[in-house]
Amino acid sequence: MEAATTLLDAEAVGDLVLLDPLTEESLLRTLQERFRRSDIYTYIGDVVISVNPYRPLPIYTPEKVQEYNNCNFFAVKPHIYAIADDAYRSLRDRDRDQCILITGESGAGKTEASKLVMSYVAAVCSKGEEVDKVKEQLLQSNPVLEAFGNAKTIRNDNSSRFGKYMDVEFDFKGEPLGGVISNYLLEKSRIVRHTKGERNFHIFYQLLAGGSAQLLQQLKLRQGSQHYGYLNREKSSLPGMDDAANFRAMQDAMAVIGFSPAEVTALLEVTAVVLKLGNVELSSCYQASGMEACSIAEPRELHEICELIKLDPGTLEQALCSRTVKARDETVLTALSVSQGYYCRDALAKNIYSRLFDWLVNRINTSIQVKPGKQRKVMGVLDIYGFEIFQDNGFEQFIINYCNEKLQQIFILMTLKEEQEEYVREGIKWTPVEFFDNGIICDLIENSKCGILAMLDEECLRPGVVNEDTFVTKLNQLFATHKHYESKETQNAKHVTDLSLPQRCFRIHHYAGKVTYNVTGFIEKNNDLLFRDLSQAMWAARHTLLRSLFPEGDPQKVSLKLPPTAGFQFKNSVATLMKNLYSKNPNYIRCIKPNDTKTAMLFTPELVLAQIRYLGLMENVRVRRAGYAFRQLYSPFLQRYKMLGTKTWPRWSGSDREGTEVLLSELKLPPEELAYGYTKIFIRSPRTLFDLEKRRQERISELATLIQKMFRGWRCRTQYQLMRKSQIIISAWFRGHAQKNKYKQMKRSALLLQAYARGWKSRRLLRELKVQRHRHLAASIISAYWKGYKVRRMYRRYFRSGASTRLANFIYRRLVQKFLMGLQKNLPPMSVQDRTWPPAPYKFLAGANQELKNIFYHWKCKKYRDQLTPQRKALLQAKLCASELFKDKKTLYSKSLQQPFQGEYLGLTQNPKYQKLHAVAKDKLVMAESVMKVNRANGKTVPRLLLLTTEHLVLADPKAAQPKTVLSLSDIRGVSVTRFSDGLLALHLKETSTAGNKGDLLLVSSHLIELITRLHQTLMAATSQALALHITDQFSTRFQKGDVAITVVESAKGSNNDVPVCKKRGSHKMEVLVH
Ligand SMILES: Nc1ncnc2c1ncn2[C@@H]1O[C@H](COP(=O)(O)OP(=O)(O)OP(=O)(O)O)[C@@H](O)[C@H]1O
Ligand SMILES: [Mg+2]
């Protein structure tokens, strides 16, 4: 609403199309008024006019970006963001490639405007890692290009000294993919010369101020611009411009774009070379022929340059001081004069720098270019030098103004075309408007056959003496009658005295004014030739970057064809640019410089008026208003003005167009003021629109009062209703609360009363119940006593005798029964070794229990015995007998317990060798084993076979298996054995027996216990007499030679295993060592 108001503010209309009356003064006044209010942007339809405020304004904040994002162009305050947004949306949503043409004179704010457009588009298009990188690269190309291509001029501290056109490419979603930058006509003369108060290109000052000591040393530079001839040997720091910081920013920007450190170094080296070339001094000398020649005055600088570019200093010196001329087939080396030498040096510096700049632009393009194959939409931004009129205008101004002339042509054609197309689209009757078409001026300059540029080229290529005079003469002849061409000659021919037109000059009536050009230097600048010696010298350098800048220096590629002229190249690149721009939807930003002193908010009307004129703003407005000054879609129009009609307010149910028609007919506007298009309403004069706007303002205040009235009424009503409702609610709550309290009180009292009453009743009942219980208890006791008495009286006689005994017996019987039943269930295991028995539960049962235990054990043993075989029985009997004989008497006994009594150890039946012995024993054999017999004479032992039969004891020789000694059992008097665990036995024989003649036998048996047991048993069976067994340590034996006392000594483990060792001690003593 506010924006629309400013657009239509009669004092300072936002859109100059609405200006009434339309005069130069009113237009200027409006711009001035707006400028005073800090509204630096103004529209002419969809063209934005921007007046440089020369001070930062708070209108580029992120909030502003948001405000203009997706805005309605005419519904918001005029702003550069609005045009950027409109262009971007049209590109994104309607697939129309866009170009933004920014024009204006130096210092008018073109570069700033282009940066604002780019930053706006970057801010509103989508975000993402890849997209942000692309955006950053595109934005960062500015500091790099500005460092190398911008310089301080009198008019602008940061003047772009080249034309720039940047195509930003987007994908179908409107995300930036990359871009392409084209550069036009760098002002290279600035490299070698600049007027006082201006500066060379920023990069030189930035490098010297911001380069580290190490970098400067590497580049062989000295800090401070006062050391360099090309920098006018003067200190030149600019207020508000920090060269060192800008140098760092430029380096950072290069890194973002993707320059490698090696590339940056090479770039700075070449830059340093240009700077140092300015310090190469020449001195004059004379050749032998008397011709003037030049030489290097002080070779240090030249040597350093050659070190930097890795070139032989001699080559460079020769290239600078002499020139190779080809005459027929000969090559002649001509020396150059000092002035020619300096010309050469400067030409070289200019060429190196301008080629370096082209390389820089190409290098940036390599980084930001979009991969081929992707479908793209393009937004081009053109920031090109504006129209220039100086005191002395040369070739550059001619070229620049030609370019501006072309842009103006585009502007006129496209604006008109668009306007006409819109009328046709909307079906509105249209009478073509007269306007100045500058095609004739363009043709004057660019006509390929007889245009000024073609003539210049022709003059440059012409053999013979070539100078600017012949060129002007030719022009004078050709354009003698041309309306837009003037010179001294043509004026003279028309008898017009024009002192402002000197010789060697021509004047062109540009669309923006008359400009007089001095043709001096036209041919040289158009030729733009560099001596072959210099390009060859540069190519010979081993510095890769520098060498690549001079491909024509390669002797292999020497061509006699002249390179295209500067004018020709420029014409072509302008033609390409125009073609490019024609293919896109144009958006114009026309920058105006308000004063010459770069002062903030100072508006010099004369200066602005001049710009208004040459920018053709009046024409622009006129063309725009030739048809209808204002147009708008029916819907927003009806929305805005519907309150003016009784039928359309507050709601219109029909179509927007019908609504608009009804509304406007009700307002009784003159019909010639209105035209109804298919989608838009057209209003011819701004006055009508202002009238509409005024009525709207009045109606709005009426409506506002009405709304206010209604609102106030509604507010009071609703407040009253609210209060009433609240009051009802409060009183309802209060009453409810009071009643609730009262009810609670009553309830509490009732409960209390109830409790008392219930308590009283309960207590009374309890008392009664207690009395009743007492009565019952008393009655039961009495009845029990009574019944007892009756029973006792009845049963007294039965209880009198034996009752207790019978009772006791009964109890005993029950207990015994229980005990026996328990035993039956709990009998110990049948193993004879198991002696366990459950204990008696009562003391009076202990005896019986013991008895039962014994009975059970005996019974168990009997059961065990009954199942034994006779052999086993005999064996056990033998074991029993052995126990009776030896248990606790001889140590050997305990060892024998584990050994079963086998009886037969020799295997008589199996072994045929013992056949005879078998025959002796026959069925009577009790035991057979090998024994050792102790020699009675010396105590040594000899092996013998021992056979015990039921009648005899036989000793046999083991080898012959022949009985040696046969004893009848009755001959045995007794047997002596030791207490120890040895197998020694002395067999005492009766003296009467035949065998006894030789005396007692001393034997050592390995089954001593079994042998003696079996001997005892056999003897018992045969003679019914027990064997006389002596278990003793000392006994006497009777040998043939008398009695021998045998003493048994227990020793520690002997040497001869378990065999006792018998030692004779004299004739009547023998000592036996046992273990
Ligand atoms: N919108 C703006 N707000 C504030 N200051 C501005 C604005 N536009 C331009 N300026 C100031 O004006 C100066 C010159 O602007 P800029 O460099 O854009 O001019 P130019 O038209 O590109 O000139 P040239 O043709 O010499 O390159 C800027 O350095 C800046 O100080
Ligand atoms: Mg600029």
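Residues numbered from 1 in each chain as written. Chains lettered and ligands numbered in written order. Predicted model: local features only at pLDDT ≥ 70, side-chain atom pairs only at ≥ 80, totals over all residues. Heavy atoms only, no water.

Labelled according to an unreviewed UniProt entry, the chain appears under the name Unconventional myosin-Ia, originating from Cairina moschata. For the chain, the Sequence similarities (unreviewed entry) comment in UniProt is given as "Belongs to the TRAFAC class myosin-kinesin ATPase superfamily. Myosin family." (UniProt positions renumbered as here; feature names shortened; annotations may be inferred.)

Caption draft 1: Looking closely at the overall build of the chain. Helix and strand counts for the chain stand at 34 helices and 31 strands. Scaling as 2.2 N^0.38, a compact globule of 1075 residues should have a C-alpha radius of gyration of about 31 Å, whereas the chain reaches 71 Å, well beyond that. In terms of principal-axis extent, the alpha carbons of the chain reach across some 205 × 130 × 50 Å. With 1075 residues in all, the chain has 47% of them scored as buried. (Helix = DSSP H or I, 4+ residues; strand = E, 2+ residues; numbered from the N terminus. Rg over C-alpha atoms; globule rule 2.2 N^0.38 Å. Buried < 20%, exposed > 50% of the residue type's maximum accessible area, 1.4 Å probe, protein only.)

Caption draft 2: Spatial organisation of the sheet that holds strand 14 (residues 505–510). Spatially, the three strands line up as an open sheet ordered 13-14-15, and their pairing is antiparallel. At either end of the open sheet lies a strand with only one pairing partner, and these are strand 13 (485–487) and strand 15 (513–518). Each strand of the sheet is rotated relative to its neighbour by a mean of 25°, with strand direction disregarded. Alignment of strand 13 against strand 14, held across three bridges, turns out to be antiparallel. (Pairing = 2+ DSSP bridges. Axes fitted to C-alpha atoms, helices over the stretch in contact; angles between N-to-C directions.)

Caption draft 3: Inspection of the coordination of the magnesium ion (ligand 2) at higher detail. Coordination of the magnesium ion (ligand 2) by the protein involves Thr111 (OG1) and Ser160 (OG), with metal-donor separations of 1.8 to 2.0 Å. Taken together, the residues Thr111 in helix 5 (residues 110–124) and Ser160 in strand 5 (residues 159–160) connect sequence positions 49 residues apart. By the burial criterion, Thr111 is buried, and Ser160 matches it. (Donors = N, O, S within 2.8 Å, 3.2 Å for Na, K, Ca; no water.)

Caption draft 4: Region of the structure containing the site of ligand 1. In the vicinity of ligand 1 lie 18 residues, with Ser106, Lys110, Thr111, Ser159 and Ser160 positioned nearest. In this structure, a nitrogen atom belonging to ligand 1 sits 3.0 Å away from a side-chain N or O atom of Tyr60. In the complex, 86% of the free accessible area of ligand 1, which totals 620 Å², lies under the protein chains. Going through the elements one at a time, helix 5 and strand 5 are the ones with two or more residues in the shell around ligand 1. Its residues placed into classes, the shell around ligand 1 shows five nonpolar, nine polar and four charged. (Near = heavy atom within 4 Å. Polar contact = N/O pair within 3.5 Å; in protein donor to acceptor, adjacent residues only side chain to side chain. Areas by Shrake-Rupley, 256 points an atom, 1.4 Å probe, with all protein chains shown as cover. Nonpolar A, V, L, I, M, F, W, Y, C, P; charged D, E, K, R; others polar.)

Caption draft 5: The arrangement of the packing of helix 4 (residues 80–94) against helix 5 in detail. At their nearest, the axes of helix 4 and helix 5 sit 9 Å apart, and the two run at 55° to each other. Overall, the two elements helix 4 and helix 5 adopt an arrangement that is oblique. In terms of crossing hand, the pair formed by helix 4 and helix 5 is right-handed. Two secondary-structure elements touch here, helix 4 through Ile80, Tyr81, Ala84, Asp85 and Tyr88 and helix 5 through Ala113, Leu116, Val117, Tyr120, Val121 and Val124. (Parallel < 35°, antiparallel > 145°, perpendicular 65-115°, else oblique. Left-handed = near helix turned anticlockwise from the far one by under 90°. Contact = heavy atoms within 4.5 Å.)

Caption draft 6: The arrangement of the side chain of His509 in detail. Along the polypeptide, His509 turns up in strand 14. Within the local environment of His509, its side chain forms a polar contact with the side chain of Glu486, the two groups lying 2.7 Å apart. With residues near it in sequence (within four places) discarded, His509 still touches Ile441, Lys483, His484, Glu486 and Lys514.

Caption draft 7: Local environment of the packing of helix 12 (residues 299–309) against helix 13 (residues 313–321). At their nearest, the axes of helix 12 and helix 13 sit 9 Å apart, and the two run at 120° to each other. The angle between the axes of helix 12 and helix 13 places the two elements in the oblique class. At the point where helix 12 passes helix 13, the crossing takes the right-handed sense. For the pair helix 12 and helix 13, contact is made by Leu302, His303, Ile305 and Cys306 and by Pro313, Leu316, Glu317 and Leu320, respectively. Within the contact of helix 12 with helix 13, the residues separate by chemical class into six nonpolar, one polar and one charged.

Caption draft 8: Broad picture of a positive patch on the surface. A cluster of basic side chains, namely Arg758, Lys761, Arg763, Arg764 and Arg767, defines a positive patch on the protein surface. Secondary-structure assignment places Arg763 in helix 28 (residues 686–799). (Patch = residues over 30% accessible without salt bridge, like charges linked within 9 Å, V, L, I, M, F, W, Y side chains within 5 Å. Salt bridge = Lys/Arg side-chain N within 4 Å of Asp/Glu carboxyl O. Lys, Arg positive; Asp, Glu negative; His and termini not counted. Charge placed at Lys NZ, Arg CZ, Asp CG, Glu CD.)

Caption draft 9: How the structure looks around helix 23 (residues 566–582). Its 17 residues give helix 23 an end-to-end C-alpha distance of 24 Å, which sits within 8% of 24 Å, the value for a rise of 1.5 Å per residue. Among all positions in helix 23, only Ala566, Gly567, Phe570, Lys571, Val574, Leu577, Met578 and Leu581 are buried. Viewed end-on, helix 23 has its buried residues packed into an arc of 130°, placing them on one side of the element. Structural note: helix 23 exposes Thr576 and Lys579 on the side pointing more than 90 degrees away from its buried face. (Expected span 1.5 Å × (residues − 1). Arc of directions from axis to C-beta.)

Caption draft 10: Main features of the nonpolar core. Ranked by internal contacts, the top residues of the largest apolar core, which has 203 residues, are Phe148, Ile352, Leu360, Phe471, Phe506, Ile589 and Leu692. Looking at which element gives the most residues to this core, the answer is helix 14 (residues 338–368), with 14 residues. Setting aside its immediate chain neighbours within four residues, Leu692 contacts Phe637, Tyr641, Leu644, Leu664, Leu667, Leu669 and Ile683. The next biggest cluster of nonpolar side chains, apart from the first, holds 31 residues, and it includes Ala882, Met927, Leu987 and Leu1008. (Core = buried A, V, L, I, M, F, W, Y, C linked by side-chain atoms within 4.5 Å.)

Caption draft 11: Highlighting the pattern of salt bridges. The full count for this structure, using the stated rule, is 55 salt bridges. When the shortest N-O distance is used, the salt bridge between Arg631 and Glu422 registers 3.2 Å. Residue Arg631 is located in strand 17 (residues 630–633), and its partner Glu422 is located in helix 15 (residues 395–426); the two are separated by 209 residues in the primary sequence. On the accessibility criterion, Glu422 (7% relative accessible area) is buried. Across the salt bridge formed by Asp982 and Lys890, the nearest N and O atoms sit 3.4 Å from each other. Here the residue Asp982 occupies a position in the loop between strand 24 (972–977) and strand 25 (984–989), and Lys890 occupies one in the loop between helix 31 (870–886) and helix 32 (891–896), the gap between them amounting to 92 residues. With a relative accessible area of 3%, Lys890 lands in the buried category. One network of salt bridges, with partners in common, ties together Arg161, Glu187, Arg190 and Glu198.

Caption draft 12: Fine view of the state of the cysteines. On inspection of all chains with the given rule, the structure shows zero disulfides. Cys294 supplies the cysteine sulfur nearest to Cys344, a cysteine that is in no disulfide, at a spacing of 8.1 Å. With relative accessibility at 1%, the residue Cys344 sits in the buried group. Here Cys442 stays unpaired: no disulfide links it, and the sulfur of Cys403, its closest cysteine neighbor, is 10 Å away. Assessed through its relative accessible area of 1%, Cys442 is described here as buried. (Disulfide = S-S within 2.5 Å.)

Caption draft 13: Region of interest: the packing of aromatic side chains. For the coordinates displayed, the defined rule picks out 30 aromatic pairs. With centroids separated by 5.4 Å and ring planes inclined at 45°, the aromatic side chains of Phe35 and Phe603 adopt a geometry described as tilted. With Phe35 in helix 2 (residues 24–36) and Phe603 in the loop between strand 16 (585–592) and helix 24 (605–615), this pair connects stretches of sequence that are 568 residues apart. With respect to burial, Phe35 and Phe603 carry one shared label: buried. Each member of the aromatic cluster is reached from another via a ring pair, and the members are Phe395, Phe398, Phe471, Phe479, Tyr485, Phe506, Tyr517 and Phe522. (Phe/Tyr/Trp six-rings, centres within 6.5 Å; stacked < 30°, edge-to-face > 60°.)

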